[in-house]
Amino acid sequence: MSKQNVTRRQFLNYTLTGVGGFMAAGMIMPMVRFAIDPVLKAEASGDFVATKMKVSELTGEPVRVDYSFDQKDGWYETSQTNTAWVYKTDDGKIVALSPICKHLGCTVAWNTDKENPNQFFCPCHYGRYTKDGVNVKGTPPIAPLDLYATKEKDGILYLGQLIPQ
Amino acid sequence: MINKIYDWVDERLDITPLWRDIADHEVPEHVNPAHHFSAFVYCFGGLTFFITVIQILSGMFLTMYYVPDIVNAWESVYYLQNEVAFGQIVRGMHHWGASLVIVMMFLHTLRVFFQGAYKKPRELNWMVGVLIFFIMLALGLTGYLLPWDMKALFATKVTLTIMESVPLIGPALKTLVAGDPTIVGAQTLTRFFAVHVFFLPAALLGLIAAHFLMIRKQGISGPL
């Protein structure tokens with residue numbers, strides 16, 4: 001005990017702070033991890049879902065394709081129906097567009113605006129997109145429509161994850 | 001009778017100084033509408049608090065019937081409004097009070113701003129007030145989803161889209177608030193309910209306490 005670097009008071013302060021901090025962390029850590037779990041959960045893998053659409057029936061004209069899949073929302077499992085607008089390009093590539101407007105999330109449809117034929121049209125705020133899903137300048141949407149990943153199996157069209165264009 | 005009970009408690013606990021400290025002080029002449037009618041502008045802060053108390057009470061009673069679950073939320077709100085005695089009144093208090101509290105708080109903010117009452121030494125109280133403003137807006141936002149009708153759902157979808165557009169942390173922030181990266185559903189509703197009913201009111205009460213402590217400590221700003 002030649003050099004007293006730490007006084008008895010300091011020692012008690014350090015140990016109490018340390019133990020107290022440890023106990024507080026032990027209390028708070030589980031709660032924080034509990035709260036942020038949705039952020040850290042691995043995102044659902046891009047499972048492809050079969051539609052009822054035969055690839056051979058697709059043409060250059062976009063058609064509405066509805067497909068159902070099981071959605072897990074927390075403790076609820078429900079069957080959901082999503083929609084895609086699908087067509088074949090001239091070089092045979094399949095294009096499947098999400099109908100969710102990139103402005104505020106309404107539902108767009110093909111060729112429903114008489115004044116602007118052959119475009120995707122959103123009735124909520126008159127947003128428009130060209131056939132390849134690119135938003136028309138001067139209308140509300142700020143980005144092109146999302147694209148579905150597509151796959152063909154046994155002549156049937158499969159749709160996967162949404163990819164922003 | 002009440003006096004006797006009070007005396008009995010006071011004799012043992014000496015509670016008189018406690019409430020005197022809180023309640024027994026004069027209202028300065030320049031903030032008393034009885035002296036100058038224009039002093040009614042000083043009432044907005046108190047009115048904000050008054051409506052906040054109504055919100056807390058009516059909200060407590062609403063949770064006796066409300067269920068934060070996607071299948072039952074709307075039905076439970078429908079039931080409490082249409083089948084329970086005075087349901088329309090109690091839900092109405094909470095519904096209209098939510099808007100009114102924003103109005104009163106805004107008027108209070110305007111008064112403090114235009115009278116320059118936020119200036120030194122009261123800057124900290126202004127900052128706490130701004131935090132209270134944000135908490136109130138968050139309460140309005142989270143409460144809006146709870147009836148789980150179309151308006152609530154799509155208003156929340158729009159808000160979540162706005163949150164998602166925050167640079168860098170946007171998608172994570174949206175998932176944290178909604179409880180799911182893509183779905184606005186069961187977990188969103190329970191989250192909003194928990195935040196609306198426990199987290200935000202707790203923060204609000206703490207901030208209001210700080211707001212009041214500071215105004216008592218510093219006193220109300222002088223006449224213009």
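Within each chain, residue numbers correspond to sequence positions counted from 1 in written order. Here every chain gets a letter starting at A, and every ligand a number starting at 1, in the order they are written. Owing to the predicted nature of the model, reporting of local features is limited to residues with pLDDT of at least 70; listing and counting of side-chain atom pairs is limited to 80 or more, with chain, interface and lining totals taken over all residues.

Q: Describe in detail the overall build of chain B, supporting the description with residues and values.
A: Secondary structure follows DSSP: runs of H or I at least 4 residues long count as helices, runs of E at least 2 residues long count as strands, and numbering of each begins at the N terminus. Summing up its helical and strand segments, chain B has nine helices and zero strands in all. Overall, the C-alpha framework of chain B stretches about 55 × 50 × 35 Å when taken along its three principal axes. Buried means a residue has 20 or more other C-beta atoms within 10 Å of its own C-beta, exposed means 12 or fewer, and partly exposed covers the counts in between; C-beta atoms are placed from the backbone. For chain B, buried positions account for 24% of its 224 residues. What counts as a contact here is a pair of residues whose C-beta atoms, placed from the backbone, lie within 7 Å. When contacts within chain B are restricted to residue pairs at least 6 apart in sequence, those whose partners lie at least 24 apart make up 66%.

Q: Requested: an account of the UniProt feature "transmembrane region" (unreviewed entry) in chain A, with residues and values cited.
A: Per the UniProt record, the feature "transmembrane region" (unreviewed entry) sits at residues 12–32 of chain A. What you have in residues 12–32 of chain A is 100% helix and 0% strand, and the ends, taken at the C-alpha atoms, are 29 Å apart. UniProt positions are given in the numbering used here, feature names are shortened, and annotations may be inferred rather than shown by experiment.

Q: Please give an account of the UniProt feature "domain: Cytochrome b/b6 N-terminal region profile" (unreviewed entry) in chain B that cites residues and values.
A: As annotated by UniProt and renumbered to match this structure, "domain: Cytochrome b/b6 N-terminal region profile" (unreviewed entry) occupies residues 5–224 of chain B. Here residues 5–224 of chain B is 70% helix and 0% strand, with 45 Å between the C-alpha atoms at its ends.

Q: Run through the packing of helix 4 (residues 73–82) of chain B against helix 5 (residues 87–114) of chain B, naming residues and quoting values.
A: With axes taken as lines fitted to C-alpha atoms, and helix axes fitted only over the stretch in contact, angles between N-to-C directions fall between 0 and 180 degrees. One way to put it is that helix 4 of chain B packs onto helix 5 of chain B with a least axis distance of 6 Å and a crossing angle of 115°. On helix 5 of chain B, the residues touching Leu 80, Gln 81 and Asn 82 of chain B of helix 4 of chain B are Gly 87, Gln 88 and Arg 91 of chain B.

Q: So, the interface of chain B and chain A: which residues are in play, and what are the values?
A: Residue-level contacts link 14 residues of chain B with eleven residues of chain A. At the level of secondary structure, the elements contributing two or more residues to the side of chain B that touches chain A comprise helix 7 (150–164), helix 8 (170–178) and helix 9 (186–218) of chain B. Side-chain classes are defined by residue name, with Ala, Val, Leu, Ile, Met, Phe, Trp, Tyr, Cys and Pro counting as nonpolar, Asp, Glu, Lys and Arg as charged, and the others, Gly among them, as polar. Taken together, the residues that form the side of chain B that touches chain A break down as seven nonpolar, five polar and two charged.

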